[in-house]
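Now for the letters of each chain:
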Amino acid sequence: MPDTTLMPIPGHIDPMPVPRANLVEGVTPREDGRVDLIGLPKKRIAELFEAAGLDAKAAKLRAKQVFHWLYHRGVTDFADMTDIAKAMRPWLAERFVIGRPEIVEAQHSSDGTRKWLLRTADGHDFEMVFIPDADRGTLCVSSQVGCTLNCRFCHTGTMRLVRNLTVGEIVGQVMLARDALGEWPNANVSSRQTPGPAEVLANALSTNPAEGSPAVPGQARDDDWDEDGGSYSADGRLLTNIVMMGMGEPLYNFDNVRDALKLVMDGDGLALSKRRITLSTSGVVPKMAQCGEEIGVNLAVSLHAVTKDVRDEIVPINRKYGIEELLQACADYPGASNARRITFEYVMLKDKNDSDDDARELVRLLKHYRLPAKVNLIPFNPWPGAPYECSTPERIRAFSDIVFEAGISAPVRTPRGRDIDAACGQLKTAAERKSRAELERLYAEKEAALG
Ligand code: SAH
Ligand code: SF4
C-alpha cells in the first residue's frame, strides 16, 4: 500500500506554526510547534505519529523506520529517509525536527583529544570531550549544566547547577560526536561530514597511532558493534566507549541519564554495549543499586580519599553518605564481578591524600569489602584558583606501586588534551576565576542544600 494512503491529510501543510503542546503528554514542542524526535524512545515516536494522524499500525511501522534512520544512520534530514515515501517526508518535516546541540566551539588537541563547547536551545553551555587511544575512543559525556555538589578539586563544583540536561541533550552528544567523527554507516547520507582540511591535517599530525588510521576493512575492531554488512567507513569506529564523566553528577539526573543510555544501547540504533559504558558517581548511595538494575552499565566511583576527614573536605557528599556506606553499596552493585570491576577514581593531591599510609588504607578497604576493583590514579589537573596542587610523579608512582603490589590494578591516567584544557571533570572553557570568599559562599550554599 503506498504511504500516502496511510495519511489522513496527505499534503496538508499548516500555514502557520501551530503549538501542539497536548499531542503527547510529557513532550514539549519547540516554539515553532514542531517536536524534536531526538531523545524519544520508539514507542513515544509512534504515539506522536498517531496523534499527528497516522493510524496505529502505520505509526508503529514509520516509528521503527524513522528510529533506524535517526540512531543507526544518523540522518538529520527527513529528506534522506529513502525508504519512506517521498510525499511523507515533508509531512514529517512539517511536524518534527531532528535536533542536535549547537556547537559553539570545537577544539582539537595535538594528542588527538577533541573538545566541544555545546549550547542547549535555551542558551546554556556544556562540554563534551573525545579521547582517542590505540585500541579505543572514549567520549566523555555531560549530564548536567554545572553540578549541585562541590568537590573542592573540581572546577565544575565551582559552578551553580543551571539545570539537568534532557534525554535529547545527553544522547545528542553521542550523535554529535558520531557526526564529527564521520562514523555513521553508509557515508553517502548527507549527515556524514567530510573532514575539512584542518581536520585532515590535524589527523595527519596526530601523535596518536589510533587517530586517523584506517580500520582494517571488514575486520571489526570491536565485536560489540551492530555491524551493517561492513559498511562502516574506513575512519569509522573511533567512538567505542562512553563515560558519564563530563559536567554534573549523573545519579542526580538519574531518569534522563537512564533514558539516554537506553537509547545509546538500543540494538536498532547506536547499539553500544553496556560493557562499553561507564557511569561515574561521587557517591550518591541511594541511587547506585537502581543504576545497576535499570541501566546495567559499568560503575566508577570518585573515592579520592580513604579517611572521613579528608573525604569530607574534598568530596563533601561524604558528609551525607560516608565511606563505609559507599563501599557497601559498591559491594552490592548489581553485575559487578571480577570480569566487570568497579573503577575507583583517585585524584592525586599533594600532601592531602597521597601518602603511603593512604595507599595502604585504600588496599585494606577494597579488600575488606571484597570489591572487584581497579583503581584509576588521576593526576590533579589544576584550574585558576584551585586550592590544591598535583602530587609529584614520584609520589604517584610510589602510591601506585603499593596498590599494585597488593594485587589491584592501579594505572596512572595520563593527562590528555592539556593544551586545550580538556580533562574530564574540568570541562569549562572560560575558567572564570572566583575569589576564595565567593567560592566559600557558594560551597556553603551548596552544602546547606545537600542537607
Ligand atoms: N560527578 C561525577 C562525574 C563527573 S566528574 C563524579 O564526580 O564522579 C569525573 C571525574 O573527574 C571524577 O572522578 C572527578 O573527581 C574527576 N575530576 C574532577 N576535577 C578534576 C581535576 N581538576 N583533576 C583531575 N580529576 C578531576
Ligand atoms: Fe560534581 Fe563530580 Fe565535580 Fe564533584 S567531581 S563537583 S560530583 S562533577
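So, how was this worked out
Residues numbered from 1 in each chain as written. Chains lettered and ligands numbered in written order. Predicted model: local features only at pLDDT ≥ 70, side-chain atom pairs only at ≥ 80, totals over all residues. Heavy atoms only, no water. Near = heavy atom within 4 Å. Nonpolar A, V, L, I, M, F, W, Y, C, P; charged D, E, K, R; others polar. Phe/Tyr/Trp six-rings, centres within 6.5 Å; stacked < 30°, edge-to-face > 60°. Helix = DSSP H or I, 4+ residues; strand = E, 2+ residues; numbered from the N terminus. Buried < 20%, exposed > 50% of the residue type's maximum accessible area, 1.4 Å probe, protein only. Lys NZ or Arg CZ within 6 Å of the ring centre and 35° of its normal. Pairing = 2+ DSSP bridges. Axes fitted to C-alpha atoms, helices over the stretch in contact; angles between N-to-C directions. Parallel < 35°, antiparallel > 145°, perpendicular 65-115°, else oblique. Left-handed = near helix turned anticlockwise from the far one by under 90°. Contact = heavy atoms within 4.5 Å. Polar contact = N/O pair within 3.5 Å; in protein donor to acceptor, adjacent residues only side chain to side chain. Expected span 1.5 Å × (residues − 1). UniProt positions renumbered as here; feature names shortened; annotations may be inferred. pLDDT = per-residue confidence, 0-100. Right-handed = clockwise from strand over helix to strand, strands pointing away.

Focus: the site of ligand 2
Okay, step 1: The local shell around ligand 2 consists of Cys147, Leu149, Cys151, Cys154, Gly157, Gly248 and Ser282.
Okay, step 2: When the residues that make up the shell around ligand 2 are grouped by side-chain class, the tally is four nonpolar, three polar and no charged.

Some words on the packing of aromatic side chains
Okay, step 1: Applying the stated criterion across every chain, the model contains three aromatic pairs.
Okay, step 2: Ring geometry for Tyr346 and Phe399: centres 5.0 Å apart, planes at 35°, overall tilted. Taken together, the positions of Tyr346 in strand S12 (residues 342-348) and Phe399 in helix H11 (residues 393-405) put the pair 53 residues apart, joining distant regions of the chain.
Okay, step 3: By relative accessible area, Phe399 is classed as buried at 0%.
Okay, step 4: The aromatic ring of Phe67 is capped on one face by Lys42, whose charged end is 4.8 Å from the ring centroid.
Okay, step 5: The ring of Trp184 carries the charged tip of Arg178 above its face, separated from the ring centre by 5.2 Å.

Brief notes about the sheet that holds strand S9 (residues 241-244)
Okay, step 1: Read across the open sheet, the nine strands follow the order S3-S4-S5-S6-S9-S10-S11-S12-S13; overall the sheet is mixed. The sheet terminates laterally at strand S3 (102-108) and strand S13 (373-379), the two strands that pair on one side only. For this sheet, the mean angle separating the axes of adjacent strands, direction not counted, is 20°.
Okay, step 2: Note: strand S11 (residues 298-302) against S12, three bridges, orientation parallel. Along S12, the bridge assignment pairs Val301 with Phe344.

Focus on the packing of helix H4 (residues 167-181) against helix H6 (residues 254-265)
Okay, step 1: Contact pair H4 / H6: the axes reach a minimum separation of 8 Å and the direction vectors enclose 40°. The orientation of H4 relative to H6 falls into the category oblique. As for how H4 packs across H6, the hand of that crossing is right-handed. Counted together, Val167, Ile170, Val171 and Val174 of H4 and Asn256, Val257, Asp259, Ala260, Leu263 and Val264 of H6 form the full contact between these two elements.

Points about the site of ligand 1
Okay, step 1: Surrounding ligand 1, one finds 21 residues, the nearest of these being Ser280, Ser302, His304, Glu345 and Asn381.
Okay, step 2: The contact in question runs from an oxygen atom of ligand 1 to an N or O atom on the side chain of Ser280, over 2.6 Å.
Okay, step 3: Elements with a minimum of two residues in the shell around ligand 1: strand S10 (277-281), S12 and S13.
Okay, step 4: Considering only residue class, the shell around ligand 1 consists of ten nonpolar, nine polar and two charged.

Concerning H6
Okay, step 1: When the terminal C-alpha atoms of H6 are compared, their 16 Å separation across twelve residues agrees well with the 16 Å that a helix rising 1.5 Å per residue should span.
Okay, step 2: Listed as buried for H6 are Phe254, Val257, Arg258, Ala260, Leu261, Leu263 and Val264.
Okay, step 3: Where the residues of H6 are buried, they touch helix H2 (56-72), H4, S9, S10 and helix H7 (285-294).

Details of the side chain of Arg163
Okay, step 1: Among the secondary structure elements, Arg163 is positioned in strand S8 (residues 163-164).
Okay, step 2: Among the polar contacts listed, one links the side chain of Arg163 to the side chain of Glu169, at a separation of 2.9 Å.
Okay, step 3: Beyond its immediate chain neighbours, meaning those up to four positions away, Arg163 contacts Thr120, Asp122, His124, Gln144, Val145 and Glu169.

A word on the UniProt feature "active site" (unreviewed entry) in the protein
Okay, step 1: Mapped onto this numbering, the UniProt entry gives "active site" (unreviewed entry) at Glu127 and Cys424.
Okay, step 2: The residue Glu127 is located in strand S5 (residues 125-132) in this model.

Some points on the environment of Leu238
Okay, step 1: Inspection of the secondary structure assignment puts Leu238 in the loop between helix H5 (197-205) and S9.
Okay, step 2: Given a relative accessible area of 10%, Leu238 falls into the buried group.
Okay, step 3: Remark: the alpha-carbon pair of Leu238 and Leu181, spanning 57 residues in sequence, is separated by 7.2 Å.

Focus on the UniProt feature "binding site: S-adenosyl-L-methionine" (unreviewed entry) in the protein
Okay, step 1: UniProt's feature table lists "binding site: S-adenosyl-L-methionine" (unreviewed entry) at Gly248, Glu249, Ser280, Ser302, Leu303, His304 and Asn381, given in the numbering used throughout.
Okay, step 2: Note on placement: Gly248 falls in the loop between S9 and H6.
Okay, step 3: Excluding residues within four positions of it along the chain, Gly248 makes contact with Ser143, Gln144, Gly146, Cys147 and Thr156.
Okay, step 4: Tracing the backbone shows Ser302 in strand S11.

Re unusual backbone geometry
Okay, step 1: Although it is not a glycine, His304 sits at a positive phi angle of roughly 65°.
Okay, step 2: Note on placement: His304 falls in the loop between S11 and helix H8 (308-314).

Here we look at the confidence of the model for the protein
Okay, step 1: Residue-level pLDDT values for the protein average 83, and 80% of them are 70 or greater.
Okay, step 2: Here residues 1-22 scores under 50 on pLDDT; set against residues more than four positions off or in separate chains, the count is 33 contacts.
Okay, step 3: Across residues 187-236, where pLDDT falls below 50, the model places 83 contacts with residues more than four positions away in sequence or in other chains.

Notes on the pairing of S9
Okay, step 1: Along S9, one buried face is formed by Asn241 and Val243 and the opposite face, lined by Ile242 and Met244, is buried too.
Okay, step 2: Pairing between strand S6 (residues 137-140) and S9: three bridges, direction parallel. Considered in S9, the bridge of Leu139 is made with Ile242.
Okay, step 3: Inspection of the sheet shows S9 paired to S10 by three bridges, in the parallel sense. Paired with Met244 across the strands is Leu279, a residue of S10.
Okay, step 4: In this fold, the crossover linking S9 to S10 by way of H6 has right-handed handedness.

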